[in-house]
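Spelled out from the first residue to the last, the chains are:
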Amino acid sequence: MPRSRPSTTTLAWMVPAVLASLVVFAAYLLTHPYPATGGGLYLAMADAIRDNGYRLPARVPRYTPNGIPFGYPPLAFYVAALARDVLGVGPLTLTRFLPGVVTVLTVVPTYLLGHEVFADAPDRNRRAGLAALVVAVSPAVFKWHLSAGGIVRAPAFLFTVTGLYVGLRLFRTPENPVRWAVAGTVLFGLTILTHPSYPVFFGTSYLVFFAVFDRSVAGLKRGAFVAVGGLLLAVPWWGHIASVHGIGLLTRTAGSRLGIGRGIFWFPSKFLYARRTRFLPVWHVLTLVGVVALAVRKRYFLPLWFVATVVMFPKPRFLMLVGAFVVAAAVFDWLPSIAEAAPERDGISTDGGRLPRVSLVLLLLLSTYGVATGGLYAANYGPVPERPLHRLQKEPLPAYIDGDDMTAMRWIRERTAADATILVAGDAAEWFPVFTHRTVVASPWGAEWLPPEERERQISLYRNASACASATCIRQILDRDDVSPEYVYLTREGSRSWTARETLNRAQWTEMLERLGTSNGTTVVFRNRDVAVVKVGR
């Protein structure tokens, strides 16, 4: 039976989710003059493409002395390179605004996907609207797409969610199967060309859709057409990898990043994180309760989709996308019971108006909770710090660089030799090569594309250096790891994600720099409030 398309009236139920997404984005922009987390490596990849005449380069320079293999799917980097070249968009502007714009746009296919998920429900517009709102305000989803790395992840998420809507139309609706198969193929190919992780969730979801809604030979052929067609569209990328680096680069990196099949062990720590937030993660609780409730009622589609995601690739952003539809199903299934239990006033019966009234109140409460907590999270209202000086626990969306870093990196670019090498102790290392055009000797970012031994060495050297709080410690690490950088870049704030170092207080910071300034072979050549550059004698 053909499915009706959303009309202008039914699309009105999408408006609250769009507005909520805009509120979260605005909260992020107002509190982040510098983009959250890391995006420098992605910009460096865009620069490498541009510098290579828009041909795929073999390596990305300056991240480690020998650079790293260019193995990442390149589509978003071409967009970033063109934005910088043609439109003249600066790196900070691009990484602050582009992810949020794409994240807001993703609300539209999320709503359409919900419209298909609840195709048989008489109130599917409201269910789809609530699901879209949950996705828009859930920190588990937007934190990965609003931050600087969202210049890659946000488009991948947009392609994936749109592809899932197409997939449901492909397997549930007999009309125009060729059109939906072609659309699914293009979207799968775009997802493969954008991010290495999102295609796993895309493919897993298609397998679930086929198993639940089709299970025919024709459906199997359509699914195979999407899978093979998407891989063929991505030949320019993986064919380049195979010819330049060997296909082993992809399999080795997948083993270090994806962990496919180990999701059942990762799930508790990646999804059940109530202890790390000030506010109760209502969406996560409702998801888990809803999965059980739906399974008990023998409505297996959403529970199966959720469990398959847990097993294959339990990233919270994917779990909560599925969870949003579980939440919408659970809330609207429970509304009649809640209304029935509510005290009757003025002789109004359930059928006469109590249900709509209770529904409105409950949905307003959930919407208020979602917008408030999502906005607070985006604005860095983080978990209660167990240790007051612990920066990581203060900020759920930390910026790896600030004004002091920008000043210090400008000095390095202007006052050091072009071939200088630097050990950067702190997460500014992720952005450092982009703004200084200098090489860092240790970088965990991009290390997944290196051989396992070198990957572990890079991560270890970075963590150890970032955890140092004394001149002696820095010197010992340089000697032990046999690295000879010309400069060491130190931040008083320390690392904000990879290490567990607490913020140095002013006395510790001053004492450390004095010892470095008088130590044999070291000289503090630049210093501002929170950054110091130390020249290391050879």
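Our structure's up above, just so we're on the same page.
Everything numeric in this text was worked out from a predicted model, so none of it was measured. (Residues numbered from 1 in each chain as written. Predicted model: local features only at pLDDT ≥ 70, side-chain atom pairs only at ≥ 80, totals over all residues. Heavy atoms only, no water.)

Taken together, the side chains of Val178, Val182, Val186, Phe225 and Leu233 make up a nonpolar region of the molecular surface, amounting to roughly 430 Å² of accessible area. Elements represented by at least two residues in the nonpolar patch include exactly α10 (177–192) and α12 (217–233). It is α10 that contributes the most residues to the nonpolar patch, three residues altogether. Counting through the fold element by element, Leu233 comes out in helix α12. (Patch = residues over 30% accessible without salt bridge, like charges linked within 9 Å, V, L, I, M, F, W, Y side chains within 5 Å. Areas by Shrake-Rupley, 256 points an atom, 1.4 Å probe, with all protein chains shown as cover. Salt bridge = Lys/Arg side-chain N within 4 Å of Asp/Glu carboxyl O. Helix = DSSP H or I, 4+ residues; strand = E, 2+ residues; numbered from the N terminus.)

Let us look at the side chain of Thr106. With respect to the helices, strands and loops of the structure, Thr106 is situated in the loop between α5 (91–105) and α6 (107–117). A relative accessible area of 3% places Thr106 in the buried class. Sequence-distant contacts of Thr106, defined by excluding residues within four places in its chain, comprise Ala154, Phe157, Leu158 and Val161. (Buried < 20%, exposed > 50% of the residue type's maximum accessible area, 1.4 Å probe, protein only. Contact = heavy atoms within 4.5 Å.)

Counting residues in each nonpolar core, the largest one holds 161 residues, and the members touching the most others are Leu302, Trp305, Tyr489 and Leu490. Per-element accounting of this core gives the leading share, 14 residues, to helix α18 (residues 316–341). (Core = buried A, V, L, I, M, F, W, Y, C linked by side-chain atoms within 4.5 Å.)

For the rest of this paragraph, the subject is the sheet that holds strand β7 (residues 531–536). Taken in spatial order, the five strands line up as β4-β3-β5-β7-β6 in an open sheet, and their pairing is mixed. Looking at which strands have only one partner, the edges of the open sheet turn out to be β4 (439–440) and β6 (522–527). (Pairing = 2+ DSSP bridges.)

For the rest of this paragraph, the subject is the packing of α5 against α6. Following both chains from N to C, one finds α5 and α6 inclined at 25°, their axes separated by 4 Å at the closest point. Between α5 and α6, the angle is such that the two are roughly parallel. The segment α5 lies against α6, with Thr103, Val104 and Leu105 engaging Val107, Val108 and Pro109. Class assignment of the residues belonging to the contact of α5 with α6 gives a composition of five nonpolar, one polar and no charged. (Axes fitted to C-alpha atoms, helices over the stretch in contact; angles between N-to-C directions. Parallel < 35°, antiparallel > 145°, perpendicular 65-115°, else oblique. Nonpolar A, V, L, I, M, F, W, Y, C, P; charged D, E, K, R; others polar.)

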